[in-house]
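# Commentary on secondary and tertiary structure
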Amino acid sequence: MENKKNILDRFKALPVNRYLDLIVLVFLLVFPLFCSNYWVYVMSGIIAYMIFALSLDLLWGYTGLMSMGHSVLFGAGGYMVGISCAYISKAGWVDFDRLPWFLLPLSSEIGAFLMALVLPALISLMIGFFMFSGKIKGVFFSLITLALSGVAELFVINQSKYTHGNSGISVISRTVISNSKEARLDDFTFYYVVLAFLILAYIICLMIVNSRIGKVLQAVRENEERLTFFGYKPSAFKLLIYTISGMIAGLAGVLYVRTQGNINSSAVGITLATLVLVWVAIGGRGNLTGAMVGTLVLQIAETKLNSVFSGISADFTQYWKMVLGFLILLIVFTIPKGIVGTIIDVQQKHKDRRQKEKILLREETAYHEESGKHIA
Amino acid sequence: MRNQENILLEVKHLSVEFNGFQALTDVNMKIHDGELHVIIGPNGAGKTTFMDLVTGKSTPTTGIVLFEGVNITGKSTTEITRKYHIGRKFQGPNVFDNMTVKENIEIAMEGYSSMTKCVFFHKSAAFKDKVSEILGLIDLYDYRQFMASDLSHGQRQWLEIGMVVAQNPKLIILDEPTAGMTADETYKTGEMIKRLKGEHTLIVVEHDMDFVRQVAEYVTVLNYGQVLAEGTMEEIQNNDEVIAVYLKED
């Protein structure tokens, strides 16, 4: 009985966003039962983007490192699968017999999947090492990562021997590892595979942010210099989370490419890097839920608006972006902490106020009792 | 009590210059083990600079800092904190704002600052007890689930004192712990600091003379980057030179 009550209390003490997570999960679980194949396909892509947003939230929301080039890591993961698929299935444009030595793992399917996780992690490890040991922080970190995504886009276009330049690479879709047509799952099943990866990524992120590492990362965000006076080395923690975040972004890249069935230079470019920032900003930073909700809401809105506007007239097709832009501005102006961030903030403020009233009441009673004794 | 044997911190001929401005000139000071040493002096006297030098935030132009006889001049703040156990509270509350009071203390706890310790961290009962004890000491136990940003100014000052205590340092440096506090809060802070005296050596920088009278055992007066006078509270209060430059405003 005691134990049961304890669990109930702990459940009640959970912050409001954990309930939201549950709602999102249930929504995603039942979604395909009520929708067309097209929407199941669209949603698989959105879920891959949600994983991507989670990885940025670890970095930006929790550690305060606003990476404006996170798409580089997403694209690096995607391109590993792309190049591997083109090489194995001998696509028409492939005119090389051998892969360069550092891409050799791509000649096997499993190797490509692992490379898609390892390469982004290595890229972020390397960039992070130079930046954090060089004490680059704040807006300079953002600017360098921004430049990086610009450079990466050009790099991918120029290396057309391996990346097929602007046209991009077609990939066998709806598989996770395999490159054979027979192994393709149907839309419905693949949706749930991607969803399983989202849940896995979410649990990993949740474990990280609730551990002591997560708390130290938050302290880095709040006041990095103060932390050194407690004996910490913030750069080591930043490097760790940047690497983990890169790996998760790479996974998101793989899943996205496997949903779409192709990858092109826009996957590493500034556009996607900015988009993911907007999703996380609108949803709310530093609580994981915000990143997922932001991506979900904005991507569904985008798809809906797109079809509504192209339904009115072909000339209108481009204008949905204006409507969306206006909505985003409105949200940023009215609730700078994002949708979920504001909800959590209100809950915390309310809780603090109630607790304060309780403390004051208790102090007052104690004071009265004391003065009562004096009179007696 | 003040003899030659138990010197914890000693600075010798400490001078520092920033872009032609001489912040400290030939400062010699000895802090004894277990004492509560107050440093006073007008604005710009070099008090904060002195602390920066001791905690490794800046390096002196000349002179050395000895801690337990070991030269720690020019070592990094991380190393000084971890290896030599010097804790510092900054001027104006410098806490982790968007984290709860309890999380703030937990981050500061001694002995868990290396990466491996953080990865394999397990919240033991002893750890929880220690955190509760510190929360009790700074009178914030009821506020443990509050965001640090929702506390009053005085409570934030206490929180930072608590964080420094959680580090369990041999030497605690408090930079203006009562700045911006009401008279009641200042008195309470004084009692808190007196309670710490038995277990830690303390250096306190303060402006509030009532507070200094409440806690001080031994006082050093700095002026224009130089040591003007040193002695017990009574000696300082009767020192003509000190009265002329500092105490006259009282």
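Residues numbered from 1 in each chain as written. Chains lettered and ligands numbered in written order. Predicted model: local features only at pLDDT ≥ 70, side-chain atom pairs only at ≥ 80, totals over all residues. Heavy atoms only, no water.

## A closer look at the overall build of chain A
Looking only at helices and strands, chain A features 14 helices and 2 strands. Once the C-alpha set of chain A is aligned to its principal axes, its extents read approximately 100 × 50 × 50 Å. Taking all 376 residues of chain A together, 48% fall into the buried category. Of all intrachain contacts in chain A linking residues separated by at least 6 positions in sequence, the fraction that spans at least 24 positions is 75%. In the structure as shown, chain A presents an accessible area of about 18,700 Å², 67% of it carried by carbon and sulfur atoms. (Helix = DSSP H or I, 4+ residues; strand = E, 2+ residues; numbered from the N terminus. Buried < 20%, exposed > 50% of the residue type's maximum accessible area, 1.4 Å probe, protein only. Contact = heavy atoms within 4.5 Å. Areas by Shrake-Rupley, 256 points an atom, 1.4 Å probe, with all protein chains shown as cover.)

## Examining the interface of chain B and chain A
Every contact between the two is made by 38 residues of chain B and, on the other side, 28 residues of chain A. Here chain B packs against chain A, burying approximately 3,100 Å² in sum over the two surfaces, 59% of which is carbon and sulfur. Ranking the residues of chain B by area buried against chain A places B:F96, B:I107 and B:M115 at the top, with a combined share of 20%. Linking chain B with chain A are 5 salt bridges, by the criterion used here. B:E160 is the partner of A:R226 in a salt bridge, and the nearest nitrogen-oxygen pair spans 2.9 Å. The tally of links between chain B and chain A comes to 18 residue pairs in polar contact (both at pLDDT 80 or more). Taken together, the residues of the side of chain B that touches chain A sort by class into 18 nonpolar, 10 polar and 10 charged. (Buried area = accessible area lost by both parts, 1.4 Å probe. Salt bridge = Lys/Arg side-chain N within 4 Å of Asp/Glu carboxyl O. Polar contact = N/O pair within 3.5 Å; in protein donor to acceptor, adjacent residues only side chain to side chain. Nonpolar A, V, L, I, M, F, W, Y, C, P; charged D, E, K, R; others polar.)

## Comments concerning the sheet that holds strand β6 (residues 86-89) of chain B
Residues and elements named next belong to chain B. Ordered in space as β6-β7-β8-β3-β9-β10, the 6 strands form an open sheet in which the pairing is mixed. Since the sheet does not close on itself, it has two edges, and those belong to β6 and β10 (226-232), each with one partner. Taken over all neighbouring pairs, the strand axes of this sheet differ in orientation by 15° on average, direction set aside. Where strand β3 (residues 36-40) lies against strand β9 (residues 218-223), 4 bridges are found, and the strand directions are parallel. By the bridge assignment for β9, V38 is matched with V219. Against the sheet, helix α6 (residues 153-166) engages β6 and β7 (171-175), with an angle of about 175° to β6. (Pairing = 2+ DSSP bridges. Axes fitted to C-alpha atoms, helices over the stretch in contact; angles between N-to-C directions.)

## Describing the pattern of salt bridges
Going through the model one piece at a time under the given rule, you end up with 22 salt bridges over all chains. A salt bridge links B:K194 to B:E191, with the nearest nitrogen and oxygen atoms 3.9 Å apart. Taken together, the positions of B:K194 and B:E191, both in helix α7 (residues 183-197) and 3 residues apart, correspond to about one turn of that helix. On the accessibility criterion, B:E191 (29% relative accessible area) is partly exposed. Members of the salt-bridge network, linked through shared partners, are A:K137, A:E224 and A:K238.

## Here we look at the sheet that holds strand β2 (residues 21-32) of chain B
Residue and element names in this part refer to chain B. Strand order in the open sheet formed by 4 strands is β2-β1-β4-β5, and the pairing between neighbours is antiparallel. In this open sheet, the two edge strands, each paired with only one partner strand, are β2 and β5 (70-71). Sheet analysis places strand β1 (residues 7-18) next to β2, joined by 8 bridges and oriented antiparallel. Counterpart to L14 in the pairing with β2 is V27. Each of β1, β2 and β4 (62-67) touches helix α1 (residues 47-55); the most contacted strand, β1, lies at about 115° to it.

## Digging into the nonpolar core
Counting residues in each nonpolar core, the largest one holds 156 residues, and the members touching the most others are A:L28, A:M50, A:F52, A:L198, B:V38, B:I105 and B:L159. Top contributing element to this core by residue count: helix α3 (residues 37-62) of chain A, with 18 residues. Counting 27 residues, the second largest nonpolar core, distinct from the first, contains B:I31, B:I39, B:L53 and B:I203. (Core = buried A, V, L, I, M, F, W, Y, C linked by side-chain atoms within 4.5 Å.)

## Digging into the pairing of β4(B)
In the sheet, β1(B) pairs with β4(B) via 5 bridges, with the strands oriented antiparallel. From the neighbouring strand, B:L9 faces β4(B), where its bridge partner is B:F67.

## Let's talk about the pairing of β9(B)
Residues and elements named next belong to chain B. Burial analysis of β9 places 6 of its 6 residues in the buried class, the great majority of the element. By the bridge criterion, 6 bridges tie β9 to β10 in an arrangement that is antiparallel. Bridge pairing in β10 links T220 to E230.

## Overview of the packing of helix α11 (residues 270-283) of chain A against helix α12 (residues 289-312) of chain A
Residue and element names in this part refer to chain A. Remark: α11 packs on α12, axes separated minimally by 7 Å, with the N-to-C direction vectors making an angle of 115°. By the angle between their directions, the pair α11 and α12 is classed as roughly perpendicular. Once α11 is placed against α12, the crossing between them reads as right-handed. Here V278, W279, V280, I282 and G283 of α11 come into contact with α12, specifically with G290, A291, G294, T295, L298 and Q299. Split into classes, the residues belonging to the contact of α11 with α12 amount to 6 nonpolar, 5 polar and no charged. (Parallel < 35°, antiparallel > 145°, perpendicular 65-115°, else oblique. Left-handed = near helix turned anticlockwise from the far one by under 90°.)

## Describing the environment of B:G111
You can see B:G111 is positioned in the loop between α3 (101-108) and α4 (115-119). Between the C-alpha atom of B:G111 and that of B:M29, which follows or precedes it by 82 residues, the distance is 29 Å.

## A short note on unusual backbone geometry
Of note in the backbone geometry, A:H164 takes a positive phi value of approximately 60° without being a glycine. Relative to the helices and strands, A:H164 resides in the loop between α7 (160-163) and β1 (169-170). Residue classification places A:H164 among the partly exposed positions, given a relative accessible area of 25%. Although it is not a glycine, B:D26 adopts a positive phi angle of roughly 45°. Note that B:D26 resides in strand β2.

## Topic: the confidence of the model for chain B
Overall, the prediction assigns chain B a mean pLDDT of 88, with 96% of residues at 70 or greater. Of all helices and strands in chain B, the one with the weakest mean pLDDT is helix α10 (residues 240-245) of chain B (81), whereas α3(B) scores best (94). (pLDDT = per-residue confidence, 0-100.)

## Overview of α1(B)
For the α-helix, the turn length of 3.6 residues means that residues three or four positions removed from each other point alike. Residues and elements named next belong to chain B. α1 sits mainly inside the fold: 8 of its 9 residues count as buried. Buried within α1 are the following residues: K47, T49, F50, M51, D52, L53, V54 and T55. Just downstream of α1 lies G56, where phi reads positive at about 85°.

## Brief notes about the environment of B:C118
Topologically, B:C118 is positioned in helix α4. The residues touching B:C118, leaving out its near neighbours within four places in the chain, are A:R212, A:I213, A:V216, A:Y232, A:F237 and B:Y112.

## Quick word on the packing of helix α2 (residues 16-30) of chain A against helix α8 (residues 187-210) of chain A
All names here are of chain A. Closest axis-to-axis distance for the α2/α8 pair is 11 Å, and the angle between their directions is 165°. Here α2 is positioned roughly antiparallel relative to α8, judged by the angle of their axes. Read as a crossing pair, α2 and α8 show a hand that is left-handed. Touching R18, D21, L25, L28 and L29 of α2 are Y191, Y192, L195, L198, I199, Y202 and L206, all from α8.

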